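# Observations on the model geometry
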Amino acid sequence: MEEEKAVKSTVLALPAAAVCDLLSIGVCPRCIFRNFGVRGDVYSSCVLSIASLSSWLKPSVNPVELPKFEENTGSMKVKDSCHSIEEKISREETCIVCLGVLQMLCVDQNQELTTCKGKINNMFEAAVAILKTLQTEGHQFDSFCLEVSIPSVVLVRDRALCRLYIKKKYGSENWFQDVMVTGCLSVKEALKLSLTKSLEDLLGRNSDMNSSFRIALFYKHMEASLELDFVHGSKENNLKRRKTGESIGIHNGNLAAIDAARTTANAGESFAAIQRTLNSMSEDDFAKKYECPPNKVHEPCQITSLCYRTSIYIGGRYLKYSRNVSQTCWMIDDERMGEASVEEIIGNAILPYLRGDKYKFHAAGREDIDVRMLGSGRPFLVEVLNARVIPTNADISEMETKVNNSKDGIVKVRELKRVGNDAWNLMREGEAEKQKQYAAVVWISRTLTDEDFKRISEIKELEIEQKTPIRVLHRRSPLVRKRLIHWMKAESIKGSSQYFLLHLCTQAGTYIKEFVHGDLGRTYPNVGSLLGCVAEILQLDVTDVKMDCFD
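Residues numbered from 1 in each chain as written. Predicted model: local features only at pLDDT ≥ 70, side-chain atom pairs only at ≥ 80, totals over all residues. Heavy atoms only, no water.

## Brief notes about the overall build of the chain
Where we set the bar: In this description a helix means any DSSP run of H or I spanning at least four residues, a strand means any run of E spanning at least two, and both kinds are numbered starting from the N terminus. When checking whether two residues touch, look at their non-hydrogen atoms; a contact exists if any pair is within 4.5 Å. Here the accessible surface of atoms and residues is derived via Shrake-Rupley with a 1.4 Å probe, and residues count as covered only by protein chains that are part of the display.
Of regular secondary structure, the chain possesses 20 helices and 18 strands. Once local pairs closer than 6 in sequence are excluded, the contacts in the chain between residues at least 24 apart make up 78%. Taken as a whole, the chain presents about 26200 Å² of accessible surface, with 49% of it coming from carbon and sulfur.

As structure tokens, this is what we get:
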């Protein structure tokens, strides 16, 4: 069998006495491989086990060469070494470094092993368990990315084994220098090498680190994580503990489960913070505070297995023809303001097609509930979280038709399309640069003259200062904002001497209502001050948002 030959060849290329030593103190085969810098598909092999390593190494090891262990170190004497390995074969103990992660000896919330002890195809069984989760969720995907979160304490145990135990015992050996040059793999890297091939074979899909579909494995070990107290108390660090979340098991991929799993898996210090602290500690200082090799643990890690997709964005432009529809759902004291919202009309039409958990609505600016959005429409994005289905062009066409035929056509969309992950940033960047055009019905306190129309139409690039409007002071910072009115044009209304239609183009972020009536002098100059009278705005429409973010 080629696979067995490849694994055996890898094992026999390693220093036999050191491998037997590591097996005897409770290090699993994959942790041994990664500490010796082994790379490649051997991690996913189903023949990689304590039993196979032991049988292959027995002819290569002279009992005299086996390392001698002192009683007071917690290790075993030479005569017990072989017995120790055989014992581990019969009752697979949890690895003292990876805490069972690379052995697939992890338990769910019911304390049931996710794999069957005694079998050698653990990695395949783990892949099957993940497949069951996928089938439950009903995800459609053409590639996947494996995402792994492991307890921070594994970093500490890894250092205790690799940089202290192995270095102290075998630092003078020729092979040790080669290992140092090659560099050892992290537990995360080894786990991905162990599982990825089995997943690819089982799912019929390739692994791609840029894939939007994620298979996430979150590991935690609350008992071993208590060992981090010595790191937390170190003078060299200023760490603050994260709040520990509730323990959860295998879920159906919903967003709450994903967030809870991340919180629980990352309880305590963050991976990066632990790494920084360990890097700042000398080996002598570390050795005084931590057991080398690490102590045995009684139970393996707990695992939460989840499958989810990163956000999918559907972009376009919306038009709003009602003066009683808010952009987002607006509630005051549990009472809805307006008859509907743009967010709900569009989002509720799109979500069923993608079978996502929920959606978020983003737009390039916003208009008040009593302001219509006309012209080419306002750019918007619907962000669908954890979508099970990727929409086809036909689906998107149906979404557009569904929105445009709902709620008596008070909200319509155009140019609907699926856009990339960078669309949100592009929209935010363009929002600050965009120009907006409006049409407003304005009343003034005296009769309009030809000079008024002329004066308004001659104004170009007028700079105004606006204090935060009184109507939004309860939710906006009290600032003074400088804005530009690029141009204005006044159009008479037939049969009226005090009403006119004001067309204007402004810089993004201009408060148009306040520019007309002055907001008790908080916006200056304003239409009233320019005409030397009182001015009020009766109706306002947005007629164009000049912004090309999805083209």
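## Re the sheet that holds strand β4 (residues 302-309)
Our working definition: Two strands form a pair only when DSSP identifies at least two bridges running between them. In this analysis an axis means a line fitted to C-alpha atoms, helices contributing only their contacting stretch, and an angle means the value between N-to-C directions, from 0 to 180 degrees.
Spatial strand order, β2-β1-β3-β4: four strands in an open sheet with mixed pairing. Strands at the two margins of the open sheet, each flanked by one partner only, are β2 (206-207) and β4. Examined bridge by bridge, strand β1 (residues 143-149) and β2 share two bridges and lie parallel to one another. Within the sheet, the bridge partner assigned to Phe144 lies in β2 and is Ser207. Sitting on the sheet, helix α9 (residues 187-203) is in contact with β1, β2 and β3 (213-220), with an inclination near 150° to β1.

## Things to note about the pairing of strand β15 (residues 480-492)
Note that strand β14 (residues 460-467) and β15 share seven bridges and pair antiparallel. Across the sheet, residue Glu465 finds its bridge partner in β15, namely Lys482. Hairpin remark: β15 followed by strand β16 (residues 499-507), antiparallel, with six residues in the connecting loop; positive phi at Gly495, about 85°.

## Notes on the packing of helix α2 (residues 16-25) against helix α7 (residues 153-170)
Stated formally: Orientation is classified from the angle alone, with under 35 degrees giving roughly parallel, over 145 giving roughly antiparallel, 65 to 115 giving roughly perpendicular, and any other angle giving oblique. Note: crossing handedness is left-handed where the near helix turns anticlockwise from the far helix by less than a right angle, and right-handed where it turns clockwise. The residue classification treats Ala, Val, Leu, Ile, Met, Phe, Trp, Tyr, Cys and Pro as nonpolar and Asp, Glu, Lys and Arg as charged. All others, Gly included, are polar.
Two elements in contact, α2 and α7, have axes separated by 12 Å at closest approach and are oriented at 130°. Put simply, α2 runs oblique to α7. Here the hand of the crossing between α2 and α7 comes out right-handed. Here Ala17, Ala18, Asp21, Leu22 and Ile25 of α2 come into contact with α7, specifically with Leu161, Tyr165, Ile166, Lys169 and Tyr170. Split by residue class, the contact of α2 with α7 holds eight nonpolar, no polar and two charged.

## A short note on the nonpolar core
As a reminder, the rule being used: Residue types Ala, Val, Leu, Ile, Met, Phe, Trp, Tyr and Cys, when buried and joined through side-chain atoms within 4.5 Å, form a set referred to as a nonpolar core. When a residue's accessible area, from a 1.4 Å probe over protein chains only, is under 20% of the maximum for its type it is buried; when over 50% it is exposed; and in between it is partly exposed.
Leu22, Val27, Phe36, Leu191, Leu199, Ile215 and Tyr219 are the most contacted members of the largest nonpolar core, which has 77 residues in total. Ranked by residue count, the leading element in this core is α7, at 10 residues. Leu22 has contacts with Val27, Ile32, Phe36, Leu161, Tyr165 and Ile166, leaving out every residue within four places of it along the chain. Listed in part, the 64 residues of the second largest apolar core include Tyr313, Ile350, Leu351 and Ala440.

## Considering the packing of aromatic side chains
Stated precisely, the cut-off is as follows: Working definition: a ring pair exists when centres of Phe, Tyr or Trp rings (six-membered ring for Trp) sit within 6.5 Å. Plane angles under 30 degrees give stacked, over 60 give edge-to-face, the rest tilted.
Applying the stated criterion to the full structure yields nine aromatic pairs. An angle of 15° between the planes, with centres 5.7 Å apart, marks the rings of Phe361 and Phe380 as stacked. One end of the pair, Phe361, is in strand β10 (residues 358-363); the other, Phe380, is in strand β11 (residues 372-385), with 19 residues separating them in the sequence. In this pair, the class of Phe361 matches that of Phe380, namely buried.

## Thoughts on the packing of helix α1 (residues 2-12) against helix α4 (residues 50-57)
For the pair α1 and α4, interaxial distance at closest approach is 10 Å and the crossing angle is 65°. Helix-helix and strand crossings are classified by hand; for α1 and α4 the assignment is right-handed. Of α4, the residues touching α1 (which contributes Glu4, Val7, Lys8, Val11 and Leu12) are Leu53, Trp56 and Leu57. The residue inventory of the contact of α1 with α4, partitioned by class, reads six nonpolar, no polar and two charged.

## Considerations on the pattern of salt bridges
Applicable threshold: A pairing counts as a salt bridge when a side-chain nitrogen of Lys or Arg comes within 4 Å of a carboxyl oxygen of Asp or Glu.
Applying the stated criterion to the full structure yields 20 salt bridges. Put simply, Arg34 and Asp158 hold a salt bridge, and the shortest N to O gap is 2.7 Å. Within this pair, whereas Arg34 is found in helix α3 (residues 29-35), its partner Asp158 is found in helix α7, the two being separated by 124 residues in sequence. Each member of the pair Arg34 and Asp158 is classed as buried. Between Lys513 and Asp370 there is a salt bridge, with its nearest N and O atoms 3.0 Å apart. In this pair, Lys513 is assigned in helix α19 (residues 512-517) and Asp370 in the loop between β10 and β11, connecting sequence segments 143 residues apart. A relative accessible area of 35% places Asp370 in the partly exposed class.

## Concerning unusual backbone geometry
Cis geometry is found at the peptide bond from Tyr524 to Pro525, where omega equals -10°. The residue Pro525 is located in the loop between β17 (523-524) and α20 (527-531) in this model. Positive phi values are uncommon outside glycine, yet Lys407 reaches one of about 50°. As for its position among the elements, Lys407 is in the loop between α16 (393-404) and β12 (411-419). In this structure, Leu520 is a non-glycine residue whose phi angle is positive, near 55°. Examined against the element boundaries, Leu520 turns out to sit in the loop between α19 and β17.

## Some details on the pairing of strand β18 (residues 535-546)
Looking at chain direction, β11 and β18 are connected through two bridges and run parallel. Across the sheet, Met373 pairs through a bridge with Val542, a residue of β18.

## Digging into α1
For the record, the criterion: In this description, one arc is meant: the one made by directions from the helix axis to the C-beta atoms.
All of the buried residues along α1 are Val7, Thr10 and Val11. Along the axis of α1, the buried positions cluster into a sector of 100°, meaning they face one direction only. More than 90 degrees from the buried face of α1, the exposed residues found are Glu2 and Lys5. Contacts made by the buried residues of α1 are with α3 and α4.

## Considerations on the environment of Glu465
Within the element layout of this structure, Glu465 appears in strand β14. Since its relative accessible area comes to 38%, Glu465 is described here as partly exposed. Expressed as a C-alpha distance, the spacing of Glu465 and Arg522, which sit 57 residues apart in the sequence, is 8.0 Å.

## A short note on the confidence of the model for the chain
Note the following rule: Here pLDDT means the predictor's own confidence in every residue, given as a number from 0 to 100.
Taken over all residues, the pLDDT of the chain has a mean of 82, while the share at 70 or more is 82%. Counted against residues more than four places away or in other chains, residues 63-83, with its pLDDT under 50, gives 28 contacts. Confidence drops under a pLDDT of 50 for residues 235-253, and excluding neighbours within four residues, the segment shows 53 contacts in the predicted structure.

## Remarks on the environment of Gly356
By the secondary structure assignment, Gly356 is in the loop between α15 (342-354) and β10. Overall, Gly356 belongs to the buried group, its relative accessible area being 17%. Each residue touching Gly356, except ones within four places of it in the same chain, is listed here: Leu351, Val384, Leu385, Asn386, Ala387 and Arg388.

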